[in-house]
Amino acid sequence: MTKITQYIEEAKGKTLFSFEIIPPVKGESIHTLMNNLEPLMEFNPPFVEVTYHREEFIEKIINGRIERIPTRKRPGTVGICASLINRFKVDAVPHVICGGFTKEETEDFLFDLHYLGIDNVLVLRGDPVKGNPAFIPEKGGHAYASELLQQVVRMNEGKLLHDETESSPTNFCIGVAGYPEKHFEAPNFQVDFDYLKKKVALGANYIVTQMFFDNQKYLDFVAKCRAEGILVPIIPGLKPLATKKQLTVLPRVFHLDIPQDLVEAVNACHNDKDVKQVGIEWCIQQCKELMALGAPVLHFYTMSKSESTKKIAQAIF
Ligand SMILES: Cc1cc2nc3c(=O)[nH]c(=O)nc-3n(C[C@H](O)[C@H](O)[C@H](O)COP(=O)(O)OP(=O)(O)OC[C@H]3O[C@@H](n4cnc5c(N)ncnc54)[C@H](O)[C@@H]3O)c2cc1C
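Residues numbered from 1 in each chain as written. Predicted model: local features only at pLDDT ≥ 70, side-chain atom pairs only at ≥ 80, totals over all residues. Heavy atoms only, no water.

Visitor: Give me the lowdown on the site of the ligand, citing residues and values where you can.
Guide: Residues in contact with the ligand amount to 24 residues; listed here are only the nearest, Tyr-52, Tyr-179, His-183, Asp-192 and Lys-199. Between His-95 and the ligand, the recorded distance is 2.8 Å, taken from a side-chain N or O atom to an oxygen atom. The separation between an oxygen atom of the ligand and a polar side-chain atom of Asp-192 is 2.7 Å. In the complex, the protein chains occlude 88% of the 990 Å² of accessible area that the ligand would expose alone. Elements that contribute at least two residues to the shell around the ligand include exactly strand 5 (91-97), strand 6 (120-124), helix 6 (189-201) and strand 8 (206-211). A total of four residues in the shell around the ligand trace back to one element, the largest contributor, which is helix 6. (Near = heavy atom within 4 Å. Polar contact = N/O pair within 3.5 Å; in protein donor to acceptor, adjacent residues only side chain to side chain. Areas by Shrake-Rupley, 256 points an atom, 1.4 Å probe, with all protein chains shown as cover. Helix = DSSP H or I, 4+ residues; strand = E, 2+ residues; numbered from the N terminus.)

Visitor: Tell me about helix 6, and please be specific about residues and values.
Guide: Taking 1.5 Å of rise per residue, 13 residues should cover 18 Å, and helix 6 covers 18 Å from first to last C-alpha, within 8% of that figure. The inward-facing, buried residues of helix 6 contact helix 5 (145-156), strand 7 (173-178), strand 8 and helix 7 (215-227). Structurally, the start of helix 6 carries an N-cap: the backbone nitrogen of Gln-190 is 3.1 Å from a side-chain oxygen of Asn-188. (Expected span 1.5 Å × (residues − 1). Contact = heavy atoms within 4.5 Å.)

Visitor: Give a description of the packing of aromatic side chains that names residues and reports values.
Guide: The full count for this structure, using the stated rule, is 12 aromatic pairs. Where Phe-193 meets Phe-221, the ring centres are 6.3 Å apart and the plane angle is 90 degrees; that geometry is what we call edge-to-face. On the criterion of sequence distance, the pair formed by Phe-193 in helix 6 and Phe-221 in helix 7 is long-range, its members being 28 residues apart. With respect to class, Phe-193 is no different from Phe-221; both count as buried. Every member of this aromatic cluster is reached through a ring pair, and the members are Phe-17, Phe-19, Phe-43, Phe-300 and Phe-317. (Phe/Tyr/Trp six-rings, centres within 6.5 Å; stacked < 30°, edge-to-face > 60°. Buried < 20%, exposed > 50% of the residue type's maximum accessible area, 1.4 Å probe, protein only.)

Visitor: So, empty space enclosed by the protein: which residues are in play, and what are the values?
Guide: Across all of its chains, the model carries one cavity of 30 Å³ or more by this definition. Roughly 40 Å³ of internal volume is contained in the largest cavity. Residue composition of the lining of the largest cavity, grouped by class: five nonpolar, two polar and two charged. (1 Å grid on protein atoms, 1.4 Å probe; cavity = no way out; pocket = protein on both sides within 12 Å on 5 of 7 lines; lining within 4 Å. Points joined across faces, edges and corners; volume = space filled by probe spheres on them. Nonpolar A, V, L, I, M, F, W, Y, C, P; charged D, E, K, R; others polar.)

Visitor: Kindly report on the packing of helix 4 (residues 103-115) against helix 5, identifying the contributing residues and their values.
Guide: Helix 5 packs onto helix 4 with a crossing angle of 50 degrees between their chain directions and a minimal axis gap of 11 Å. With respect to helix 5, the axis of helix 4 lies oblique. In the crossing of helix 4 with helix 5, the sense of the turn from one axis to the other is right-handed. Two secondary-structure elements touch here, helix 4 through Lys-103, Thr-106, Glu-107, Leu-110 and Phe-111 and helix 5 through Leu-148, Gln-151, Val-152 and Met-155. Looking at the contact of helix 4 with helix 5 residue by residue, the classes come out as five nonpolar, two polar and two charged. (Axes fitted to C-alpha atoms, helices over the stretch in contact; angles between N-to-C directions. Parallel < 35°, antiparallel > 145°, perpendicular 65-115°, else oblique. Left-handed = near helix turned anticlockwise from the far one by under 90°.)

Visitor: Can you explain the environment of Ala-268? Please cite residues and give values.
Guide: Along the polypeptide, Ala-268 turns up in the loop between helix 9 (260-267) and helix 10 (272-292). Judged by its relative accessible area of 56%, Ala-268 falls in the exposed class. Ala-268 sits 10 residues away from Val-278 along the chain, and the two C-alpha atoms are 10.0 Å apart.

Listed below in structure tokens is the structure:
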């Protein structure tokens, strides 16, 4: 499979199109997901990213006692990657997370990806367990994305966790997350930025940003990266607003600012159909500007829905 960095190099400055999907809720049909994606394939995404969702806990009364039962609401990341590769001949990029995995399980997981011919991964710490305010690392697992990244780098060098003998090396191109508006846990922007620098120094090949609605945040972030020696591609993450509720939900969940002009335009809408249109138009403007400024890829957080992203892609590609 082609590496993300190679796609970007071969595009020679032309902006590429890509998007992220989430696995369906357990029990829902994969066909619905695939049919939802199909309209985006005409824009030739070189790759599609697939999120990974850690287990959650439900409480059940068993023999008169309350028991916490682990259940995964959105399983299937690897299966969906395989399905995307088969059906659309597109490169699939699974997200690999620390949460809920021991290092040994991570090693086995990475072998599954390697055997499938998957050569790109986005390594992340992962979200906390639902309902927990803080991320708690798995016993015997990784606490930070940088630790997981080092494990992938070592596998690329043919080194396994416990084996004395050399392993056949994997060939992963490694992406990491970057936060133009700071990761919410970091005490300040510089602290977070220094950890990003560390991830790149340890071998990250590209960065995908958290979503932003103000291009200046991305541009300042890229300028700071370049000034401080982070030279890998920085892929902007974009999300068209679709509902009025998102004005409060997105800042709460993703810790970002929504520009005043966009807030006013959304508040002037009478219903979410109009909000969707405002969100599409805002995102088209963002995309046009980012393309003109040489963004390597425009990467859309679709939540596995294609309608708004398709309209944006039609307007810009
Ligand atoms: C593009 C993108 C895709 C995502 N996909 C998923 C997904 O599929 N599944 C999912 O569960 N979540 C996903 N997330 C959410 C992500 O897991 C959370 O934002 C998580 O809280 C942080 O992940 P990270 O990889 O940035 O963590 P890290 O880089 O480990 O950073 C986490 C926090 O710790 C700090 N930090 C880093 N290293 C150290 C250190 N050595 N010592 C002390 N502090 C440190 C950082 O400043 C930051 O505040 C995604 C986020 C983005 C931006």
